[in-house]
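Okay, here's what each chain looks like letter by letter:
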Amino acid sequence: MKVKMILPALAEAESPFWRPIKYSLFPPLGLATLAAYLDPEDEIDLQDQHVETLNLDDNPDLVVIQVYITNAYRAYKIADHYREKGAYVILGGLHVTSLPEEAAPHADTIFLGPGEETFPAFLKDFKNNQAKKRYFSAKRTLAGIPPIRRDLIKRNRYLVPNSIVVTRGCPHHCDFCYKDAFFEGGKSFYTQQVDDALAEIDRLPGKHLYFLDDHLLGNYRFASGLFEGMKGMNRVFQGAATVDSILRGDLIEKAAEAGLRSVFVGFETFSPENLKQSNKKQNLKKDYEAAVNRLHSLGIMINGSFVFGLDDDGQDVFKRTVDWGVQNAITTSTYHILTPYPGTKLFKDMDAQNRIVTRNWDMYDTRSVVYKTTKLTAQELKEGYDWAYKEFYSWSNIFEASLKHDSAKHKLKHLFYTGGWKKFEPVWNFLIKTKSLNNMLPVLESILSKVRSTGNTKNKYAEDSINEPVERENLYNKKRIKYKLHDFHEKINA
Ligand code: SF4
């Protein structure tokens, strides 16, 4: 059987602000995961429109398309095209799960929720000519999933071909997040077996890994087993975690010991009102600066995520957020305009209040204002968002933030990572054009190498500046007491 698997490009791909490198980072892991359920005899062509021109002149028997909100219209066109040619077309992904009635007319079969159980069930039915119109995932487990078909991935077209996912979902329930809509009707956070995850890591060449999990530290037992197993594997890795998980216990130390060198943290907002509005309880009353200092003391760089446009945001939010990032030596910042994705509680609430101003999904790109704002006008929000990006990534702020670290190596790492990411677009474009992006991996690995002398100027707990074992032990105990007290305060404040 001839199978075509397609990740259509997001609408942002046509924007004048399109940065090709941003969309050449990770291969379509979800499709490569599903491909593992196909027969080894099947002829599979996996195409990612972000890094290659789609070949639509072929005649596959089965077409599998992954649909996100801003590639939905494009995905439907591709689906219609292949159905006209007589192929059997299936659609799945976040947007299909949120709006199945919209997607269904463009597909022979649609998938709701994760596909690990439903895709093999579909394949069985398909072979018996009994495929259903709709498959809904109820049973959620990662036990026994076959190894991802990484052979289908064109590694040289991605900066981070070694992306990996070892959990699904997240234990939290933020109102603006897709997670609850996607996992509705079953478990919304579950993990692989530690041994399976380690085996998957072992199959990956090179040193660098990027965990695309929503919350790598979300399950203590799993994460500590994983990090224990990774010790000695000589890996450097990046991943995502919450403020709360960074402050609690010793998991972040274990992660650093296993090779964690950079982490994506959802700070989102400094306003308790906004946190309550978004049900982001895990960030309430948390000391963001303590989390930052703890990460810096472990030599971990930080990608901070921030949302603009929540109802408590006034005109000062942009400058305050940028200044905080620079003063706290955040390595990279990702800013978003609040976006009420269909299927989320935020969308339902805004819709009920008649605040949704457009249902053109191409605009749901977190750079456009698609709802009625409160304290800010839509124009102020858009201009403030654009200003924040420009300002945070100005050379003067990149230098100022870099210099906050107290070790020369950490300063340089910060400078190269941030400057390299945002200021060398022609170099990235050249590497993409020549399909040699993968050659930059050793550079990334060396930037992510361990910082011996750690911590920023505010941090008095930099372990590597202590030589004597006794001193080190005292420091460790002090640190433990400090964080234990923090946990205690959190508990009595909860
Ligand atoms: S913590 Fe992150 S992944 Fe989890 S529900 Fe909130 S926004 Fe979604």
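What counts as what
- Residues numbered from 1 in each chain as written.
- Predicted model: local features only at pLDDT ≥ 70, side-chain atom pairs only at ≥ 80, totals over all residues.
- Helix = DSSP H or I, 4+ residues; strand = E, 2+ residues; numbered from the N terminus.
- Domains from an automatic or database assignment.
- Contact = placed C-beta atoms within 7 Å.
- Buried ≥ 20, exposed ≤ 12 C-beta atoms within 10 Å, placed from the backbone.
- Right-handed = clockwise from strand over helix to strand, strands pointing away.
- Pairing = 2+ DSSP bridges.
- Axes fitted to C-alpha atoms, helices over the stretch in contact; angles between N-to-C directions.
- Near = placed C-beta within 6 Å.
- Nonpolar A, V, L, I, M, F, W, Y, C, P; charged D, E, K, R; others polar.
- Core = buried A, V, L, I, M, F, W, Y, C linked by C-beta atoms within 7 Å.
- pLDDT = per-residue confidence, 0-100.
- Expected span 1.5 Å × (residues − 1).

Visitor: With reference to specific residues and values, describe the environment of D196.
Guide: Mapped onto the elements, D196 comes out in helix α7 (residues 194-202). Spatially, the C-alpha atoms of D196 and T33 are 14 Å apart, while their sequence positions differ by 163 residues.

Visitor: Can you tell me about the domain arrangement of the chain, naming the residues and giving the values?
Guide: The assigned domain composition of the chain is domain 1 (2-136) and domain 2 (159-447). Residue-level contacts link 21 residues of domain 1 with 26 residues of domain 2. Of all the secondary-structure elements, those providing two or more residues to the side of domain 1 that touches domain 2 are α2 (72-84) and α3 (94-98). Tallying contributions element by element places α3 first for the side of domain 1 that touches domain 2, with 3 residues.

Visitor: Could you give an account of the pairing of strand β13 (residues 301-308), with specific residues and numbers?
Guide: With respect to burial, β13 is a largely interior element, 6 of its 8 residues being buried. A crossover links β13 with its parallel partner strand β14 (residues 332-337), the connecting element being helix α13 (residues 317-327), and its sense is right-handed.

Visitor: Hey, could you go over the sheet that holds strand β5 (residues 109-112) for me, with residue numbers and the actual values?
Guide: With parallel pairing, the 6 strands of this open sheet are ordered in space as β2-β1-β3-β4-β5-β6. With one partner strand each, in any of the chains shown, β2 (43-48) and β6 (134-136) form the two edges of the open sheet. The average undirected angle you get between the axes of adjacent strands in this sheet is 15 degrees. Examined bridge by bridge, strand β4 (residues 88-92) and β5 share 2 bridges and lie parallel to one another. Looking across to β5, one finds that L91 is bridged to I110. This element, α2, spans β1 (2-7), β3 (62-66) and β4 of the sheet and lies at about 160 degrees to β4.

Visitor: Describe in detail helix α12 (residues 288-297), supporting the description with residues and values.
Guide: Within α12, 7 of the 10 residues are buried, which leaves the element mostly enclosed by the surrounding structure. For α12, every residue scored as buried is listed here: A291, V292, N293, R294, L295, H296 and S297. Where α12 is buried, its residues touch α9 (243-247), α10 (251-258), β12 (260-268) and β13. At the C-terminal side of α12, G299 shows a positive phi close to 75 degrees.

Visitor: Report on unusual backbone geometry, specifying residues and quantitative values.
Guide: Notably, A329 is not glycine yet its phi reads approximately 55 degrees, a positive angle. Looking at the element boundaries, A329 is found in the loop between α13 and β14.

Visitor: Account for the site of the ligand, naming residues and giving values.
Guide: Taken together, C170, H172, H173, C174, C177, K179, D214, H215, T242 and G266 make up the full set of residues adjacent to the ligand. Of the residues belonging to the shell around the ligand, the class tally is 3 nonpolar, 5 polar and 2 charged.

Visitor: An account of the nonpolar core is needed here, citing residue identities and associated values.
Guide: Ranked by internal contacts, the top residues of the largest apolar core, which has 118 residues, are V64, I65, V89, L91, V263 and F308. Each of domain 1 (2-136) and domain 2 (159-447) accounts for three or more of the residues forming this core.

Visitor: Break down the sheet that holds strand β11 (residues 236-241) for me, with residues and values.
Guide: Pairing is parallel across the open sheet formed by 6 strands, whose spatial order is β7-β10-β11-β12-β13-β14. Looking at strand neighbours, the two that pair on one side only are β7 (163-164) and β14, the edges of this open sheet. Sheet strands in contact with helix α15 (residues 378-392) are β13 and β14, and its direction is about 170 degrees off that of β14.

Visitor: Which residues make up the confidence of the model for the chain, and what values go with them?
Guide: Scored by pLDDT, the chain has a mean of 88; 90% of the residues are at 70 or more. Considering only residues more than four positions removed or in separate chains, one finds that residues 453-494, a stretch of pLDDT under 50, has 50 contacts.

Visitor: An account of α15 is requested, with residue identities and associated values reported.
Guide: Helix length check: α15 (15 residues) gives 21 Å between terminal C-alpha atoms against 21 Å at 1.5 Å per residue, within 8%. Structurally, α15 contributes buried residues whose contacts are with β13, α13, β14 and α16 (395-402).

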